[in-house]
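Residues per chain are reported as follows:
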Amino acid sequence: MEIAFRPTADPPGVEIIDPVEQRHLRLQTSTDVTPTAVSTDAFRFPVDAAVEIETSVLRFEQREDVHVHDANGEVVANLQEQSHVTIDGDTAPYELGIHSSIQLYCRVDGPFTIDQGFDNFEITFPCESRVVIAARTLHERPAGTIVTTPDERGLADAISLFSSALKTTSPERSFPTLRGHPPLVELGDESSVPEGIEPTESDVTIEVPESYRHLLTVAPLSYYLAADIEFADAARLVTEDGFALDLGTGQAFEDTVARTLKQQFLLDCVVRTEGLLPADLHERKQLEAELPFDLAATYECSVGERLRRYAQVPFDVVEPELPRWPLTAHVPADPDAITFLPFVVSDMGVVRKATGTVSTHTTTTTDNSTAVLGDSIPDTTPTGSDDTTANAVADEADEEPMTLQFVEPDHTGESLEHAWFGDHIPQGASMPTMAAFENQLDRGDRGDSIEIVVVCNDPHMIDEQTSLESAYGDRDELPYDVTTKFGLSTDALADFLTGDTTDFLHYIGHAERDGLRCIDGKLDVRELDHVNVQTFLLNACQSQAQAMALVERGAFGGVGTLGDVVNDYAIEIGKMFAHLLNLGFPLRSAIDIVSNTSTIGAQYLVVGDGSVDMVQSTGGNPLVCEVAGEGRFERDVQLEIYPTRYYGLGSQTSPTLDHIEDAYIVPAHTASYTVPYDELREYVAWMTYPLNVNGEWRWNGDFGEANLD
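Residues numbered from 1 in each chain as written. Predicted model: local features only at pLDDT ≥ 70, side-chain atom pairs only at ≥ 80, totals over all residues. Heavy atoms only, no water.

Student: In this structure, what is going on with the overall build of the protein? I would like to understand it.
Tutor: Looking only at helices and strands, one finds 15 helices and 41 strands in the protein. Along the first, second and third principal axes, the C-alpha set of the protein runs to 85 × 65 × 55 Å. Evaluated residue by residue, the protein yields a buried proportion of 59% over its 709 residues. Summarising the internal contacts of the protein: among those between residues at least 6 apart in sequence, 70% fall at separations of at least 24. Of the side-chain charges in the protein, 43 are positive and 121 negative, and the distance between the mean point of each set is 3 Å. (Helix = DSSP H or I, 4+ residues; strand = E, 2+ residues; numbered from the N terminus. Buried < 20%, exposed > 50% of the residue type's maximum accessible area, 1.4 Å probe, protein only. Contact = heavy atoms within 4.5 Å. Lys, Arg positive; Asp, Glu negative; His and termini not counted. Charge placed at Lys NZ, Arg CZ, Asp CG, Glu CD.)

So, in structure tokens, the structure goes:
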């Protein structure tokens, strides 16, 4: 499962492959090359494998952030701030950090130049030169499994060990690549900790009352601050030098913990610009004048001293600059919640107690079948229409009424994804499962090509299948294998689901609570022992139950529906999901966009892990370009930049629009920029991400075209 380096021809170069994460990165060279494995010891940063080649040119097919370090470790060039760099070679050797879907480093001994194009960049040497290329996978695995007792002390000790995954306690821990995945946790009769899992040293302690609610809520803060948890009458953060920060009581406790986590994180992002990777950061420009401390001096401080300094800043000062948080987890206040907490904390998710408004809906089930979660919410079909995607059962006289309970979480809108771990069927939140997380831990190599299968089991939905032909597999830099299957029988569908691994399934057809309709009946996924589909979209009415069954039997995550949807709407949403997933938007981001742009988007929900994606993004973070105004003189532009698993919370992104000179913390909603029309047109012509022009959604898939008017 190591990083692989393969020579390519026409054009000559090297393809770098992460087989576990199925990430591909292509480099073009001046002539054919033969990558030769070499030691990784010379590299300053951790890498998994390295090869040596000889070339006069290295050309990358996408634009990336690049930092150049000299022999002393000093940053001598940063392509976020420059489009052309000339290095004379006086302080060789140089190490180039290239922040891509696979973290890449190049080590060179002499002079070179770097030129950044609109959607590529090129490193040029004066002659054939030796270049050592090293790569590090962005795949994270927990270091082991802690076994703890289900009492409060046992949970406190386990959570205190989450910080063992941090790779530093400097402000750079705000980079996602320097925050490892916390160890897993199991409940048992006795506690045990694997060798090598040790708490990270810190001068901060969290004191909380002895209750499950308090312990679970502070888990992400304990992880990020490397703070051990102790029991006390009041909730507060305490440093070794005597500083204490009150964390509130009652409902204010959860809010204060969330604000503290976000504030500590954001100010670390600002302060880290004084460290190893300087950047012209937008958030620093907005906040620096309001900060009562020196950034360079604060960079050198301990965790506790930074906590004290950051706490001097009123929250309303930093709040406007906070990134949109990726995840809020609504968890029940009981010891079983500790088992999925490492996955929430790895995402820096805010933790809140699972409370909400419960509502009851009556639906029907056919043939006395047993109801499962997500079977129904009020039908969204317009009055008088009978054109739904199959769950309008032909003979309602044979159906028996069934009562299902739904819940709307008390706190929504705080994060990109709200994950509901409690009872009932969530509305406005996703349905994660432990199975989805565990399935990803067990996976091996994913194969060379990206296997996408479209199953169309409804002739009335053929328009959706036709619309997908231009959506999937149109990216030349990735090895796609797209297959379409029509009219499958129950046996054929079962054979497909349990056969060779499929990276993504787009199912078009009919669903009922007890199965997916086939030409000869229904296939109930719950009756299968396992499935080999990794991600999916079940674009059929009330498909959530079957979606959950896919996750419980091997899938990582997917999208299902809560209720009935009209064919025309389902076709449009299916096409939208296909385009977004093909561009590298994760499930949680895709469903956020769909929910905000479609009148029936709320009928779709994520099941399993919302952070999974179908393919890597086309370069950097996926985004939506929002354009306002008319005419051909100038327009107002904002970018909504979404996180991915590999460019997650705390990554930096440098938009390629010339008018935006700053880098932003991911996720980002940039400031509004007034851009000359010709500049905007050129930018749009070279990008493939979608547009929102004066509130109208537009695809932008063809290079050279600018769909602005």
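Student: Teacher, can you tell me more about the sheet that holds strand E16 (residues 228-231) here?
Tutor: Remark on secondary structure: sheet strands pair via backbone hydrogen bonds, oriented parallel or antiparallel. The strand order E16-E15-E17-E18 describes an open sheet built from four strands, whose pairing is mixed. In this open sheet, the two edge strands, each paired with only one partner strand, are E16 and strand E18 (244-246). Taken pair by pair, the neighbouring strands of this sheet meet at an average axis angle of 25 degrees, ignoring direction. This element, helix H2 (residues 212-225), spans strand E15 (204-208), E16 and strand E17 (236-239) of the sheet and lies at about 175 degrees to E15. (Pairing = 2+ DSSP bridges. Axes fitted to C-alpha atoms, helices over the stretch in contact; angles between N-to-C directions.)

Student: Would you mind showing me how to read the packing of aromatic side chains here?
Tutor: Given two aromatic rings, one states the distance between the centres and the angle between the planes to describe the pair. In total, this model carries 14 aromatic pairs according to the counting rule given. Ring centres 5.7 Å apart and planes at 70 degrees place the aromatic pair Phe-585 and Tyr-642 in the edge-to-face group. Of this pair, Phe-585 sits in the loop between helix H13 (567-582) and helix H14 (587-597) while Tyr-642 sits in the loop between strand E35 (634-641) and strand E36 (652-653), and the two are 57 residues apart along the sequence. These aromatic residues form a ring-pair network of at least three members: Tyr-94, Phe-112 and Phe-125. Geometry around Phe-231 places Arg-153 over its ring, the cationic atom sitting 4.8 Å from the centre. (Phe/Tyr/Trp six-rings, centres within 6.5 Å; stacked < 30°, edge-to-face > 60°. Lys NZ or Arg CZ within 6 Å of the ring centre and 35° of its normal.)

Student: Can you walk me through the side chain of Thr-260 in this structure?
Tutor: Positionally, Thr-260 belongs in helix H3 (residues 250-271). Once you skip the residues sitting within four places of it in the chain, Thr-260 turns out to touch Leu-221, Leu-237, Leu-245 and Leu-247.

Student: Explain the pattern of salt bridges to me, please; I cannot follow it from the model alone.
Tutor: In a structure, side chains of opposite charge can pair up when their charged atoms sit close to one another. Overall, the coordinates contain 30 salt bridges when judged by the stated rule. The closest approach of N and O atoms between Glu-207 and Arg-236, which form a salt bridge, is 2.8 Å. Of this pair, Glu-207 sits in strand E15 while Arg-236 sits in strand E17, placing them 29 residues apart in sequence. On the basis of relative accessibility, which here comes to 33%, the residue Arg-236 falls in the partly exposed class. One connected set of salt bridges, linked through shared partners, spans Arg-213, Glu-254, Asp-255, Lys-262, Arg-352 and Glu-414. (Salt bridge = Lys/Arg side-chain N within 4 Å of Asp/Glu carboxyl O.)

Student: Before we go on, may I ask you to explain the pairing of strand E7 (residues 75-78) in this structure?
Tutor: As judged from the three bridges shared by strand E6 (residues 65-69) and E7, these two strands associate in the antiparallel manner. Note on E7: the bridge partner recorded for His-67 is Asn-78. In this structure, the hairpin formed by E6 and E7 is closed by a connection of five residues, where Gly-73 is found at a positive phi of approximately 85 degrees.

Student: Teacher, can you tell me more about the environment of Ser-346 here?
Tutor: As for its placement among the helices and strands, Ser-346 is situated in helix H8 (residues 341-346). A relative accessible area of 26% means that Ser-346 is categorised as partly exposed. In sequence terms Ser-346 and Pro-220 are 126 residues apart; their C-alpha atoms lie 8.2 Å from each other. Leaving out residues up to four positions away in the same chain, Ser-346 has contacts with His-181 and Pro-182.

Student: What exactly am I supposed to notice about the nonpolar core here?
Tutor: Generally speaking, nonpolar side chains in soluble globular proteins are found buried as a group. One finds Phe-577, Phe-585, Tyr-604, Cys-625 and Tyr-683 to be the most contacted residues of the largest nonpolar core, which totals 63 residues. Among the elements that line this core, the one with the most residues is H13, at eight residues. Once residues lying within four places of it in the same chain are set aside, the contact partners of Tyr-604 are Asn-539, Val-559, Gly-560, Thr-561, Val-565, Ala-570, Ile-573, Phe-577 and Ile-591. Formed by 60 residues, the second largest nonpolar core is a distinct cluster that contains Val-185, Leu-247, Ala-258 and Ile-665. (Core = buried A, V, L, I, M, F, W, Y, C linked by side-chain atoms within 4.5 Å.)

Student: Hey, could you run me through the packing of H13 against H14 in this one?
Tutor: What describes two packed helices is the angle between their axes and the distance between those same axes. Contact geometry for H13 and H14: axes closest at 10 Å, N-to-C directions at 140 degrees. Classified by chirality, the crossing of H14 by H13 is right-handed. Of the residues in H14, those touching H13 at Ile-573, Met-576, Phe-577, Leu-580 and Leu-581 are Leu-587, Ala-590, Ile-591, Ile-593, Val-594 and Thr-597. (Left-handed = near helix turned anticlockwise from the far one by under 90°.)

Student: Hey, could you run me through the sheet that holds strand E19 (residues 325-331) in this one?
Tutor: Here three strands make up an open sheet; going across it, the order is E20-E19-E23 and the pairing parallel. The strands lining the two open edges of the sheet, one partner per strand, are strand E20 (350-353) and strand E23 (415-420). The mean angle between the axes of side-by-side strands here comes to 25 degrees, regardless of whether they run parallel or antiparallel. As defined by bridge partners, E19 adjoins E20 across four bridges and the pair is classed as parallel. Each bridged residue has a counterpart across the sheet, and for Ala-329 the counterpart in E20 is Val-351. Where H3 meets the sheet, its contacts fall on E19 and E20, and the angle it forms with E20 comes to roughly 175 degrees.

Student: What is the right way to look at the state of the cysteines in this model?
Tutor: Disulfide: a covalent bond formed between the sulfur atoms of two cysteine residues. Counting across every chain of the model gives zero disulfides. There is no disulfide at Cys-127, and the cysteine sulfur nearest it, in Cys-106, is 17 Å away. Exposure remark for Cys-127: the relative accessible area of 45% places this residue in the partly exposed category. (Disulfide = S-S within 2.5 Å.)

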